[in-house]
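Below are the chains, spelled out letter by letter.
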Amino acid sequence: MPALNFIRFQGAVPRCQYYTLSEYQGFLYIIPEDLKGARRYDPFADMEALLLDVVRAGGQVAACDSFFEYAIAHDMFPLRDAGFWLHGDFFAKHPDEARPVLDALMAFVERYGLPAWEVQSMAYADYPARYAPRLMSRRHDPDREGTEETRYLIEYELMKRSCQSKGSLPVCTLAILLLDLYLRFLEGTERGDFFLRNSEWMIHYEHEKTPRLNAQVFDLLSCINLAHAFLVSGEGKAVRQCKHCGKFFIAEDLRAEYCSPRCRGAYNSKMTRKRVKERKLREGQ
Ligand SMILES: [Zn+2]
(Lines give C-alpha, C1' and ligand atoms only; values in the text may rest on other atoms or scores of the structure.)
Protein backbone atom coordinates (compact mmCIF):
# COMPACT_ATOMS: atom_id res chain seq x y z
CA MET A 1 0.00 0.00 0.00
CA PRO A 2 1.56 3.32 -1.02
CA ALA A 3 1.87 6.05 1.61
CA LEU A 4 -0.61 8.89 1.78
CA ASN A 5 -0.02 12.17 3.49
CA PHE A 6 -3.08 13.00 5.56
CA ILE A 7 -3.69 16.68 5.71
CA ARG A 8 -7.00 17.28 7.35
CA PHE A 9 -10.62 16.61 8.01
CA GLN A 10 -12.99 19.45 7.44
CA GLY A 11 -16.51 19.47 8.85
CA ALA A 12 -19.39 20.87 6.80
CA VAL A 13 -22.49 20.16 8.89
CA PRO A 14 -25.84 21.76 7.99
CA ARG A 15 -27.48 23.92 10.64
CA CYS A 16 -30.76 25.83 10.45
CA GLN A 17 -31.57 29.04 12.24
CA TYR A 18 -34.63 27.75 14.12
CA TYR A 19 -35.75 24.40 15.45
CA THR A 20 -39.07 23.61 17.11
CA LEU A 21 -40.51 20.78 19.19
CA SER A 22 -43.62 19.24 17.73
CA GLU A 23 -45.79 16.25 18.63
CA TYR A 24 -47.01 13.98 15.87
CA GLN A 25 -48.88 10.67 16.36
CA GLY A 26 -47.74 10.31 19.95
CA PHE A 27 -44.08 11.17 19.34
CA LEU A 28 -42.13 14.31 20.07
CA TYR A 29 -39.91 15.53 17.20
CA ILE A 30 -37.35 18.27 16.70
CA ILE A 31 -38.09 19.95 13.38
CA PRO A 32 -35.97 22.50 11.47
CA GLU A 33 -38.08 25.48 10.48
CA ASP A 34 -36.21 26.45 7.34
CA LEU A 35 -34.42 23.42 5.93
CA LYS A 36 -33.67 25.15 2.63
CA GLY A 37 -31.99 28.01 4.45
CA ALA A 38 -29.57 25.68 6.29
CA ARG A 39 -25.96 26.85 6.29
CA ARG A 40 -22.92 24.65 6.71
CA TYR A 41 -20.42 25.16 9.53
CA ASP A 42 -17.29 23.36 10.70
CA PRO A 43 -17.67 21.62 14.11
CA PHE A 44 -13.88 21.18 14.23
CA ALA A 45 -13.46 24.96 14.59
CA ASP A 46 -13.69 24.47 18.38
CA MET A 47 -13.51 20.76 19.11
CA GLU A 48 -13.13 21.06 22.88
CA ALA A 49 -16.23 23.26 23.18
CA LEU A 50 -18.14 20.80 20.97
CA LEU A 51 -17.19 17.79 23.14
CA LEU A 52 -18.05 19.64 26.36
CA ASP A 53 -21.46 20.59 24.95
CA VAL A 54 -22.01 16.95 23.91
CA VAL A 55 -21.38 15.63 27.44
CA ARG A 56 -23.41 18.45 29.05
CA ALA A 57 -26.46 17.51 26.94
CA GLY A 58 -25.82 13.76 27.26
CA GLY A 59 -25.31 14.23 31.01
CA GLN A 60 -28.83 15.68 31.32
CA VAL A 61 -30.20 12.50 29.73
CA ALA A 62 -28.03 10.33 32.00
CA ALA A 63 -29.34 12.22 35.06
CA CYS A 64 -33.03 11.79 34.14
CA ASP A 65 -34.17 8.96 36.44
CA SER A 66 -37.74 8.96 35.15
CA PHE A 67 -36.45 8.25 31.62
CA PHE A 68 -34.65 5.08 32.79
CA GLU A 69 -37.48 4.06 35.12
CA TYR A 70 -39.82 4.24 32.13
CA ALA A 71 -37.43 2.14 30.01
CA ILE A 72 -36.91 -0.45 32.79
CA ALA A 73 -40.67 -0.67 33.45
CA HIS A 74 -41.17 -1.47 29.74
CA ASP A 75 -38.35 -4.04 29.64
CA MET A 76 -36.30 -1.98 27.20
CA PHE A 77 -33.09 -4.00 27.21
CA PRO A 78 -31.02 -2.87 25.46
CA LEU A 79 -32.02 0.78 25.27
CA ARG A 80 -32.76 1.64 21.62
CA ASP A 81 -34.91 4.26 19.96
CA ALA A 82 -37.05 1.68 18.11
CA GLY A 83 -38.20 0.41 21.51
CA PHE A 84 -40.28 3.57 21.94
CA TRP A 85 -42.29 2.59 18.85
CA LEU A 86 -43.29 -0.55 20.69
CA HIS A 87 -44.00 1.02 24.10
CA GLY A 88 -44.80 4.68 23.38
CA ASP A 89 -42.61 7.77 23.50
CA PHE A 90 -41.41 8.78 26.97
CA PHE A 91 -40.93 12.41 25.90
CA ALA A 92 -44.45 12.85 24.51
CA LYS A 93 -46.01 11.11 27.53
CA HIS A 94 -44.02 12.83 30.29
CA PRO A 95 -43.04 16.30 29.04
CA ASP A 96 -42.85 17.78 32.56
CA GLU A 97 -40.46 15.18 33.94
CA ALA A 98 -38.45 15.41 30.71
CA ARG A 99 -38.24 19.23 30.79
CA PRO A 100 -34.53 19.56 31.81
CA VAL A 101 -33.59 17.04 29.11
CA LEU A 102 -35.70 18.80 26.47
CA ASP A 103 -34.15 22.17 27.33
CA ALA A 104 -30.62 20.72 27.13
CA LEU A 105 -31.31 18.97 23.81
CA MET A 106 -32.81 22.09 22.21
CA ALA A 107 -29.87 24.24 23.35
CA PHE A 108 -27.52 21.68 21.81
CA VAL A 109 -29.45 21.50 18.52
CA GLU A 110 -29.63 25.29 18.15
CA ARG A 111 -25.88 25.40 18.42
CA TYR A 112 -24.88 22.34 16.38
CA GLY A 113 -27.87 21.24 14.27
CA LEU A 114 -29.32 17.73 14.16
CA PRO A 115 -27.49 14.46 13.52
CA ALA A 116 -28.89 12.34 10.70
CA TRP A 117 -31.28 9.48 11.47
CA GLU A 118 -29.48 6.54 9.90
CA VAL A 119 -31.38 4.20 7.57
CA GLN A 120 -31.41 0.53 8.62
CA SER A 121 -29.66 1.11 11.92
CA MET A 122 -31.02 1.96 15.35
CA ALA A 123 -29.75 4.34 17.99
CA TYR A 124 -28.43 2.29 20.93
CA ALA A 125 -27.13 3.19 24.37
CA ASP A 126 -26.23 1.46 27.61
CA TYR A 127 -27.77 2.36 30.95
CA PRO A 128 -25.65 4.57 33.24
CA ALA A 129 -23.41 2.64 35.66
CA ARG A 130 -25.68 3.38 38.66
CA TYR A 131 -28.33 1.04 37.15
CA ALA A 132 -25.92 -1.90 36.82
CA PRO A 133 -26.98 -3.65 40.08
CA ARG A 134 -30.66 -3.53 39.08
CA LEU A 135 -30.02 -4.71 35.53
CA MET A 136 -27.92 -7.70 36.61
CA SER A 137 -31.04 -9.73 37.32
CA ARG A 138 -32.65 -8.90 33.99
CA ARG A 139 -31.59 -10.43 30.75
CA HIS A 140 -32.74 -9.72 27.23
CA ASP A 141 -35.10 -12.47 26.12
CA PRO A 142 -35.29 -12.61 22.31
CA ASP A 143 -38.24 -15.05 22.42
CA ARG A 144 -40.40 -12.45 24.12
CA GLU A 145 -40.48 -10.35 20.97
CA GLY A 146 -42.88 -12.41 18.93
CA THR A 147 -43.26 -12.03 15.18
CA GLU A 148 -46.54 -10.18 15.68
CA GLU A 149 -44.82 -7.45 17.64
CA THR A 150 -42.24 -6.68 14.96
CA ARG A 151 -44.89 -4.68 13.09
CA TYR A 152 -43.77 -1.64 15.10
CA LEU A 153 -40.42 -1.84 13.28
CA ILE A 154 -42.15 -1.19 9.96
CA GLU A 155 -43.76 1.94 11.40
CA TYR A 156 -40.38 2.94 12.80
CA GLU A 157 -38.67 2.61 9.39
CA LEU A 158 -41.51 4.44 7.61
CA MET A 159 -41.29 7.35 10.05
CA LYS A 160 -37.54 7.42 9.59
CA ARG A 161 -37.90 7.83 5.84
CA SER A 162 -40.41 10.63 6.25
CA CYS A 163 -38.17 12.37 8.81
CA GLN A 164 -35.17 12.23 6.49
CA SER A 165 -36.89 14.27 3.81
CA LYS A 166 -37.88 16.91 6.40
CA GLY A 167 -34.54 16.88 8.22
CA SER A 168 -36.28 16.20 11.55
CA LEU A 169 -35.44 13.76 14.34
CA PRO A 170 -37.43 12.20 17.22
CA VAL A 171 -36.39 13.53 20.64
CA CYS A 172 -35.97 9.95 21.91
CA THR A 173 -33.44 9.19 19.14
CA LEU A 174 -31.38 12.30 19.89
CA ALA A 175 -31.51 11.54 23.63
CA ILE A 176 -30.15 8.02 23.06
CA LEU A 177 -27.42 9.22 20.66
CA LEU A 178 -26.19 11.83 23.15
CA LEU A 179 -26.49 9.44 26.10
CA ASP A 180 -24.34 6.93 24.22
CA LEU A 181 -21.66 9.58 23.57
CA TYR A 182 -21.75 10.70 27.21
CA LEU A 183 -21.35 7.14 28.52
CA ARG A 184 -18.59 6.32 26.05
CA PHE A 185 -16.62 9.48 26.83
CA LEU A 186 -17.14 9.60 30.60
CA GLU A 187 -18.06 6.18 31.93
CA GLY A 188 -15.40 4.45 29.89
CA THR A 189 -17.67 2.25 27.81
CA GLU A 190 -15.48 3.33 24.89
CA ARG A 191 -15.47 1.05 21.88
CA GLY A 192 -12.58 2.79 20.14
CA ASP A 193 -14.05 2.64 16.65
CA PHE A 194 -16.91 4.23 14.72
CA PHE A 195 -18.19 4.60 11.19
CA LEU A 196 -17.44 7.71 9.20
CA ARG A 197 -20.70 8.55 7.48
CA ASN A 198 -21.67 11.02 4.84
CA SER A 199 -18.20 12.20 3.91
CA GLU A 200 -16.44 13.04 0.69
CA TRP A 201 -12.79 12.20 0.05
CA MET A 202 -10.42 13.93 -2.29
CA ILE A 203 -6.85 13.06 -3.23
CA HIS A 204 -4.67 15.99 -4.08
CA TYR A 205 -1.37 15.22 -5.82
CA GLU A 206 1.52 16.92 -7.52
CA HIS A 207 4.58 15.64 -9.30
CA GLU A 208 7.08 14.00 -6.90
CA LYS A 209 5.12 14.78 -3.77
CA THR A 210 3.25 12.47 -1.42
CA PRO A 211 -0.43 12.54 -2.33
CA ARG A 212 -2.62 14.34 0.23
CA LEU A 213 -5.95 12.98 1.34
CA ASN A 214 -8.58 15.51 2.32
CA ALA A 215 -11.98 14.62 3.75
CA GLN A 216 -15.07 16.73 4.10
CA VAL A 217 -17.51 15.36 6.70
CA PHE A 218 -21.17 16.37 6.47
CA ASP A 219 -22.48 14.27 9.36
CA LEU A 220 -22.55 15.76 12.88
CA LEU A 221 -22.19 12.43 14.70
CA SER A 222 -19.11 11.50 12.65
CA CYS A 223 -17.59 14.92 13.42
CA ILE A 224 -18.16 14.42 17.17
CA ASN A 225 -16.56 10.96 17.06
CA LEU A 226 -13.62 12.32 15.05
CA ALA A 227 -13.14 15.22 17.47
CA HIS A 228 -13.06 12.77 20.38
CA ALA A 229 -10.62 10.46 18.59
CA PHE A 230 -8.27 13.40 17.93
CA LEU A 231 -8.50 14.56 21.54
CA VAL A 232 -7.90 11.13 23.07
CA SER A 233 -5.39 9.47 20.78
CA GLY A 234 -3.78 12.47 19.12
CA GLU A 235 -3.42 14.81 22.07
CA GLY A 236 -3.66 12.30 24.93
CA LYS A 237 -6.39 14.37 26.58
CA ALA A 238 -9.79 13.30 27.91
CA VAL A 239 -13.27 14.66 28.64
CA ARG A 240 -13.86 14.49 32.39
CA GLN A 241 -16.31 15.54 35.09
CA CYS A 242 -14.86 17.11 38.23
CA LYS A 243 -15.27 14.83 41.25
CA HIS A 244 -15.78 17.84 43.51
CA CYS A 245 -17.79 20.52 41.66
CA GLY A 246 -19.34 18.42 38.87
CA LYS A 247 -18.10 20.68 36.07
CA PHE A 248 -17.17 19.05 32.73
CA PHE A 249 -13.65 19.86 31.58
CA ILE A 250 -10.92 18.82 29.15
CA ALA A 251 -8.22 17.02 31.14
CA GLU A 252 -4.58 16.86 30.12
CA ASP A 253 -4.56 13.12 30.79
CA LEU A 254 -6.94 10.23 31.33
CA ARG A 255 -6.51 9.93 35.09
CA ALA A 256 -7.38 13.54 36.00
CA GLU A 257 -10.32 13.73 38.42
CA TYR A 258 -10.53 17.43 39.32
CA CYS A 259 -11.06 20.52 37.18
CA SER A 260 -8.55 22.54 39.24
CA PRO A 261 -6.03 22.19 42.11
CA ARG A 262 -8.55 24.11 44.19
CA CYS A 263 -11.21 21.41 43.69
CA ARG A 264 -8.68 18.68 44.46
CA GLY A 265 -7.80 20.42 47.73
CA ALA A 266 -11.44 21.01 48.63
CA TYR A 267 -12.34 17.38 47.93
CA ASN A 268 -9.40 16.03 49.95
CA SER A 269 -10.15 18.18 52.99
CA LYS A 270 -13.84 17.22 52.76
CA MET A 271 -12.85 13.54 52.85
CA THR A 272 -10.45 14.13 55.75
CA ARG A 273 -13.20 15.85 57.74
CA LYS A 274 -15.51 12.93 56.93
CA ARG A 275 -12.94 10.38 58.12
CA VAL A 276 -12.30 12.29 61.35
CA LYS A 277 -16.04 12.49 62.01
CA GLU A 278 -16.47 8.77 61.36
CA ARG A 279 -13.58 7.91 63.70
CA LYS A 280 -15.03 10.10 66.47
CA LEU A 281 -18.41 8.37 66.04
CA ARG A 282 -16.76 4.94 66.29
CA GLU A 283 -14.73 5.93 69.35
CA GLY A 284 -17.78 7.45 71.03
CA GLN A 285 -19.67 4.15 70.82
ZN1 LIG B 1 -14.15 21.32 40.05
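Residues numbered from 1 in each chain as written. Predicted model: local features only at pLDDT ≥ 70, side-chain atom pairs only at ≥ 80, totals over all residues. Heavy atoms only, no water.

**Q** Describe in detail the coordination of the zinc ion, supporting the description with residues and values.
**A** Protein-derived ligands of the zinc ion are Cys242 (SG), Cys245 (SG), Cys259 (SG) and Cys263 (SG), with the metal-ligand distances lying across 2.3 to 2.4 Å. Metal-centred angles of 107 to 113° between the 4 donor atoms at the zinc ion mark the site as tetrahedral. Read in sequence order, the donor residues coordinating the zinc ion give the pattern C-x2-C-x13-C-x3-C. Residue Cys245 is classed as partly exposed on the basis of its relative accessible area, which comes to 42%. (Donors = N, O, S within 2.8 Å, 3.2 Å for Na, K, Ca; no water. Tetrahedral: all angles 85-135°; square planar, octahedral: opposite > 155°, others 65-115°. Buried < 20%, exposed > 50% of the residue type's maximum accessible area, 1.4 Å probe, protein only.)

**Q** Outline the pairing of strand S11 (residues 238-241), supporting the account with residue identities and numerical values.
**A** Sheet topology note: the S11/strand S12 (residues 248-251) ladder contains 4 bridges and is antiparallel. For Val239, the partnering residue across the bridge sits in S12 and is Ile250. Linking S11 to S12, which pair antiparallel, is a turn of 6 residues; within it Gly246 sits at a positive phi near 85°. (Pairing = 2+ DSSP bridges. Helix = DSSP H or I, 4+ residues; strand = E, 2+ residues; numbered from the N terminus.)

**Q** Lay out a nonpolar patch on the surface in plain terms, naming residues and giving numbers.
**A** Among the surface-exposed residues, Leu4, Phe6, Trp201, Ile203 and Tyr205 lie close enough to one another that they form a single nonpolar patch of about 570 Å² accessible area. One can find Leu4 in the segment before strand S1 (5-11). (Patch = residues over 30% accessible without salt bridge, like charges linked within 9 Å, V, L, I, M, F, W, Y side chains within 5 Å. Areas by Shrake-Rupley, 256 points an atom, 1.4 Å probe, with all protein chains shown as cover. Salt bridge = Lys/Arg side-chain N within 4 Å of Asp/Glu carboxyl O.)

**Q** An account of the packing of helix H1 (residues 47-62) against helix H5 (residues 99-112) is needed here, citing residue identities and associated values.
**A** Two packed helices can be described by the angle between their axes and the distance between those axes. One way to put it is that H1 packs onto H5 with a least axis distance of 8 Å and a crossing angle of 160°. The angle between the axes of H1 and H5 places the two elements in the roughly antiparallel class. The handedness of the crossing between H1 and H5 comes out as left-handed. Between H1, through Ala49, Leu50, Asp53, Val54, Ala57, Gln60 and Val61, and H5, the contact on the second element is made entirely by Pro100, Val101, Ala104, Leu105, Phe108, Arg111 and Tyr112. The class makeup of the residues in the contact of H1 with H5 is 11 nonpolar, 1 polar and 2 charged. (Axes fitted to C-alpha atoms, helices over the stretch in contact; angles between N-to-C directions. Parallel < 35°, antiparallel > 145°, perpendicular 65-115°, else oblique. Left-handed = near helix turned anticlockwise from the far one by under 90°. Contact = heavy atoms within 4.5 Å. Nonpolar A, V, L, I, M, F, W, Y, C, P; charged D, E, K, R; others polar.)

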